[in-house]
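An overview of the molecular structure
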Amino acid sequence: MFLLGFFAFLCTLTIAHLLMWYRLGQFILKYRLPLLIILAALTGFMAYHASKVQLSYDFTRAIPLNNPKYKAYQEFRKKFGEDGNLLVIGIQTEKLFEEKTFNAYYDLQRELKKIKGVDDIISIPSAINLVKVPETEKLKADTIFPDRILSQAAIDSASAVFFNLPFYEHLLYNPETKAWLMGLRINKDLMATKARVAVVACISKLADDFGKENNLTVYKSGLPLIRTEIAVMIANEMKFFLLASVVLSALILLLFFRSFSVMVLSLVVVAIGVVWSMGTIQLLGYKISLLTALIPPLVVVIGIPNCIYFFNKFHVAWNETGNKKESLVAMVDKMGIVTLFCNVAAAIGFAVFALTQSQILKEFGLVAGINIMALFFISLVLIPAVLSFLPAPKSRHTKYLDNPRLNRWLDRLERWSLNHRKLIYSITGVVVAFSVVGIFQLKSEGFIVDDLPKSDKIFTDLKFFEKNFKGVMPLEIVVDTKKKQGVTRNLNNLERIDSLSQYLATIPDIARPLSIAEGLKFAKQAFFDGDRANYSMPSSYDLPALSQYLSFKGDSANGKNSLAKLVSTFMDSTKQQARISVSMADIGSHRLPGLLDSITVRANQLFDKEKFDIQLTGTSVTFLEGSRFIINGLKESIFWAFLLIALCMFYLFRSARILVCSLIPNIIPLMITAGVMGWVGIALKPSTVLVFSVALGIAIDVTIRFLVNFKQELPHYKYDMKQTVIETIHSTGISIIYTSMVLIAGFVIFYFSEFGGTKALGWLTSLTLVTATFTNLVLLPAILISFIRIKK
């Protein structure tokens with residue numbers, strides 16, 4: 001469908017070419033007022049929808065909706081509830097059970113429980129003990145620590161009971177490091193709304209206040225906090241980068257053109273583009289994600305070169321004719337096709353992401369592609385129409401066309417291309433060889449919080465929980481017995497579940513597993529009067545006496561205590577499926593597949609494949625699958641970008657040789673960037689693979705600008721290749737250098753992001769554009785002179 005649309009677009013271009021750009025320029029000037037009114041009305045419509053755009057809090061959209069692992073994860077959530085809604089608060093102290101500290105800790109839990117959106121809290125103050133009632137021989141759940149201000153004696157007595165319960169060891173505390181954990185389950189419906197920001201902020205404030213009052217460092221983590229904090233950072237960064245890109249572009253335009261009106265008009269063009277991009281997000285039913293948040297500043301960065309191309313040609317034509325109307329028509333005539341194909345190439349670089357299977361990439365590609373093309377039509381209508389109302393440019397406005405310093409550099413480029421082609425080819429060969437070696441050192445690896453700086457509190461707090469509790473990233477193993485009551489009516493099945501849990505506990509990066517087996521061990525200990533030695537799996541003799549506790553009915557079912565809520569989620573309602581729930585470290589996409597494979601192998605040893613189905617799911621699994629889809633999708637997008645851009649170039653120049661010549665100066669910068677990534681150890685991951693197709697789509701603009709001008713100048717110089725190349729270097733060099741500087745400066749601002757991926761997008765794309773500028777102004781002219789022969 002996408003390719004059909006692309007070819008239909010090329011047919012439209014052919015028709016437009018037949019109608020001639022000169023006539024289009026005349027049409028725009030003749031009907032400038034109606035066109036401006038239509039543009040204003042459309043912008044108002046888009047602004048209305050842009051005002052309704054929302055932030056996305058869903059981080060699972062990297063996987064296609066029809067993917068088996070995505071379906072399994074959704075089925076798990078339906079049966080067992082949300083796995084990624086636990087927010088954890090940690091402290092490390094030897095004084096927790098001192099009267100002042102413990103009562104303050106208890107008060108913290110009470111205050112947190114009052115927050116709307118906190119469904120439940122499991123912590124030491126709310127810990128439950130199962131106690132056997134002698135008269136009935138049944139177990140009842142009692143709170144270990146009474147809900148009141150406790151004396152030191154009461155705390156000491158209750159803590160002795162608590163430490164006698166192995167169930168909580170390494171779950172709520174680490175006895176070796178004296179680290180203590182409080183877990184808050186956040187309402188799953190609230191997790192997908194803006195209200196989560198206020199809830200997480202309130203939780204953080206209460207926790208931090210507790211830390212200050214008791215002179216303790218408080219650590220906070222869990223997916224609700226991580227996702228919320230990242231979403232807030234995205235929103236703040238979008239505002240910063242948008243403002244920074246506008247200010248930087250304004251300064252560069254003012255420096256180049258020395259014209260306030262040119263600067264303002266250019267900013268109006270990109271401002272309309274930004275409004276349209278935000279409106280498009282809303283109209284398509286999307287929300288602002290980590291990727292789509294980059295589109296508004298990208299619109300600014302890509303839109304400014306459009307303006308520079310048009311203004312540059314207008315000023316050149318004005319110097320030649322001195323007639324404003326003729327100059328404006330000439331601007332559209334000469335630069336319309338160039339700017340159109342530059343935008344087509346840039347749009348392709350982004351739109352190819354719509355061909356991937358990742359939903360988040362599809363949204364980014366579609367919105368970016370649409371609005372880059374919209375930028376062309378905005379600038380095509382607005383610039384000549386508004387310029388026709390403004391006074392003619394003054395001499396200071398066109399002074400940049402005769403920049404002595406730039407002209408000296410262009411003279412050097414001319415001499416290199418004419419006289420040192422062998423040296424250019426030799427240096428290029430060495431650089432390419434160096435890059436190829438670096439490419440072979442590239443590795444593919446991503447982490448859930450990979451893009452955060454190592455000094456960020458989200459990252460450092462996560463490491464605290466990984467060190468003391470082996471992590472907070474959810475991993476779920478679902479055991480399907482294929483029979484109703486299959487979990488509880490067969491002791492062998494329960495023992496197999498416990499055996500798999502014990503295997504998981506031996507893996508260094510996995511925290512202590514929780515399953516129905518742990519609930520039975522707890523119940524057995526209580527049945528034998530709290531004897532710690534009886535915290536073990538019940539025998540066939542014990543099981544009938546404990547069977548009533550497998551359902552956790554009564555007060556437990558009504559949610560009267562946190563333990564019952566926790567244990568009741570270990571089976572589905574039919575007791576056909578059991579869940580083993582673990583938290584793990586963020587070990588990265590390189591090591592995670594091996595770990596999951598080892599778990600699968602052990603599970604297959606314990607459970608007969610014909611009688612049981614074993615499913616590994618949870619956020620950790622969906623992250624791995626999402627990373628795989630994004631990286632593979634981005635690799636495919638690079639292929640499609642090359643193919644579609646090559647088709648555009650072939651359509652534009654109708655020459656296979658020129659097509660090859662146009663691709664070489666753009667492939668080499670990508671190879672250099674990939675080589676640099678390999679040499680400096682930057683891994684291939686969703687955020688860095690993005691660079692290549694984006695940079696290709698933008699860098700090819702320089703090639704199009706050079707080659708179109710080269711083609712236009714050939715007849716004027718009687719098809720003399722050397723003379724035409726010299727003239728093309730001088731006539732396009734200044735605008736190419738200026739637009740490259742704008743693009744490079746625009747992408748450099750992304751380097752100041754707090755996200756590693758956005759930072760990488762900034763400096764790696766800038767590196768690609770720098771090298772592309774050199775290859776297009778040095779290598780491309782040399783190749784044209786050496787290998788292209790065009791007959792009259």
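Above: the structure in question.
Overview of the structure. Fair warning: this is a prediction, and the values are worked out from it, not measured in the lab.

A look at the packing of helix H9 (residues 260–283) against helix H12 (residues 359–387)
Put simply, H9 and H12 touch, their axes get as near as 9 Å, and they point 145 degrees apart. Crossing of H9 over H12 shows right-handed handedness. Across the interface between the two elements, Leu-265, Val-268, Val-269, Ile-272, Gly-273, Trp-276, Ser-277, Thr-280 and Ile-281 of H9 pack against Val-367, Ile-370, Asn-371, Ala-374, Leu-375, Ile-378, Ser-379, Leu-382, Ile-383, Val-386 and Leu-387 of H12.

Details of the sheet that holds strand S10 (residues 613–617)
The strand order across the open sheet built from 3 strands is S9-S8-S10, with neighbouring strands paired in antiparallel fashion. Both outer strands of the open sheet, strand S9 (577–584) and S10, are each paired with one neighbouring strand and no more. If you compare each strand with its neighbour and ignore which way they point, the axes differ by 15 degrees on average. Pairing of strand S8 (residues 473–480) with S9 involves 8 bridges; the strand directions are antiparallel. Considered in S9, the bridge of Asp-480 is made with Gln-577. In the packing of helix H20 (residues 592–606) onto the sheet, the strands contacted are S8, S9 and S10, and the crossing angle to S10 comes to about 160 degrees.

Quick look at the packing of aromatic side chains
Taken as a whole, this structure holds 28 aromatic pairs when the rule is applied. With a centroid separation of 4.9 Å and 45 degrees between ring planes, the pair formed by Phe-27 and Tyr-31 is classed as tilted. Between Phe-97 and Phe-163 the ring centres are 5.2 Å apart and the planes differ by 65 degrees, which places this aromatic pair in the edge-to-face class. Pair noted here: Phe-97 is in the loop between strand S1 (86–92) and helix H5 (99–113) and Phe-163 is in helix H6 (residues 152–163), with a separation of 66 residues, a long-range link. On the basis of relative accessible area, Phe-163 is assigned to the partly exposed category, the value being 32%. Counting every residue linked through ring pairs, the aromatic cluster contains Phe-97, Phe-102, Tyr-106, Phe-145, Phe-162, Phe-163, Phe-167, Tyr-168, Tyr-173, Trp-180 and Phe-522. When the ring centre of Tyr-106 is taken as origin, the NZ or CZ atom of Arg-110, which lies over that ring, is 4.1 Å away.

A word on the pattern of salt bridges
The final tally for this structure, using the stated rule, is 16 salt bridges. Two residues, Asp-147 and Arg-110, come together in a salt bridge whose shortest N-O distance is 2.7 Å. Of the two residues, Asp-147 sits in the loop between strand S4 (138–143) and H6 while Arg-110 sits in helix H5, which places them 37 residues apart along the sequence. Of the residues examined, Arg-110 reaches a relative accessible area of 22% and is grouped as partly exposed. Taking the shortest distance from any N to any O, the salt bridge between Lys-521 and Glu-518 comes out at 3.3 Å. Of this pair, Lys-521 and Glu-518 both sit in helix H17 (residues 516–527), 3 residues apart, which is roughly one turn of that helix. What makes Glu-518 buried here is its relative accessible area of 7%. Bridged by salt links that share partners, the residues Asp-498, Arg-512, Glu-518 and Lys-521 form one connected network.

Side note on a nonpolar patch on the surface
There is a patch of nonpolar side chains on the surface, built from Phe-240, Val-748, Tyr-751 and Phe-752 and spanning about 410 Å² of accessible area. By the secondary structure assignment, Tyr-751 is in the loop between helix H24 (721–748) and helix H25 (756–787). You can call Tyr-751 partly exposed: its relative accessible area is 40%.

Overview of the pairing of S8
Here S8 lies mainly inside the structure; 8 of its 8 residues are buried. Residues of S8 alternate between two faces, with Met-473, Leu-475, Ile-477 and Val-479 on one and Pro-474, Glu-476, Val-478 and Asp-480 on the opposite face, all of them buried. The pairing of S8 with S10 spans 5 bridges and is antiparallel. Bridging across to S10, Val-479 finds its partner in Ile-614.

Notes on helix H7 (residues 195–213)
Taking 1.5 Å as the rise per residue, H7 with 19 residues should run 27 Å; its terminal C-alpha atoms sit 28 Å apart, in good agreement. Taken together, the buried positions of H7 are Arg-196, Val-199, Val-200, Ile-203, Ser-204, Ala-207, Phe-210 and Gly-211. Projected down its long axis, H7 shows its buried positions confined to an angular sector of 130 degrees, all on one face. Across from the buried face of H7, at angles greater than 90 degrees, the exposed residues are Ala-198, Lys-205, Lys-212 and Glu-213. If you follow the buried residues of H7, they end up packed against S1, H5, strand S2 (118–122), strand S6 (179–186), strand S7 (219–221) and helix H8 (223–257). Taken from the residues just after H7, Asn-215 is the one with a positive phi, measuring 55 degrees.

Digging into the side chain of Lys-220
Examined against the element boundaries, Lys-220 turns out to sit in strand S7. Residue classification places Lys-220 among the buried positions, given a relative accessible area of 7%. Polar side-chain contacts of Lys-220 include one of 2.8 Å to the side chain of Asp-208. Not counting residues up to four positions away in its chain, the partners in contact with Lys-220 are Val-88, Ile-89, Ser-204, Ala-207, Asp-208, Leu-225, Lys-457, Asp-461 and Phe-465.

Comments concerning the environment of Gly-211
Relative to the helices and strands, Gly-211 is located in helix H7. By relative accessible area, Gly-211 is classed as buried at 4%. C-alpha of Gly-211 to C-alpha of Ile-91: the two residues are 120 residues apart in sequence and 8.5 Å apart in space. With residues near it in sequence (within four places) discarded, Gly-211 still touches Leu-216 and Val-218.

What counts, and at which threshold
Residues numbered from 1 in each chain as written. Predicted model: local features only at pLDDT ≥ 70, side-chain atom pairs only at ≥ 80, totals over all residues. Heavy atoms only, no water. Axes fitted to C-alpha atoms, helices over the stretch in contact; angles between N-to-C directions. Helix = DSSP H or I, 4+ residues; strand = E, 2+ residues; numbered from the N terminus. Left-handed = near helix turned anticlockwise from the far one by under 90°. Contact = heavy atoms within 4.5 Å. Pairing = 2+ DSSP bridges. Phe/Tyr/Trp six-rings, centres within 6.5 Å; stacked < 30°, edge-to-face > 60°. Buried < 20%, exposed > 50% of the residue type's maximum accessible area, 1.4 Å probe, protein only. Lys NZ or Arg CZ within 6 Å of the ring centre and 35° of its normal. Salt bridge = Lys/Arg side-chain N within 4 Å of Asp/Glu carboxyl O. Patch = residues over 30% accessible without salt bridge, like charges linked within 9 Å, V, L, I, M, F, W, Y side chains within 5 Å. Areas by Shrake-Rupley, 256 points an atom, 1.4 Å probe, with all protein chains shown as cover. Expected span 1.5 Å × (residues − 1). Arc of directions from axis to C-beta. Polar contact = N/O pair within 3.5 Å; in protein donor to acceptor, adjacent residues only side chain to side chain.

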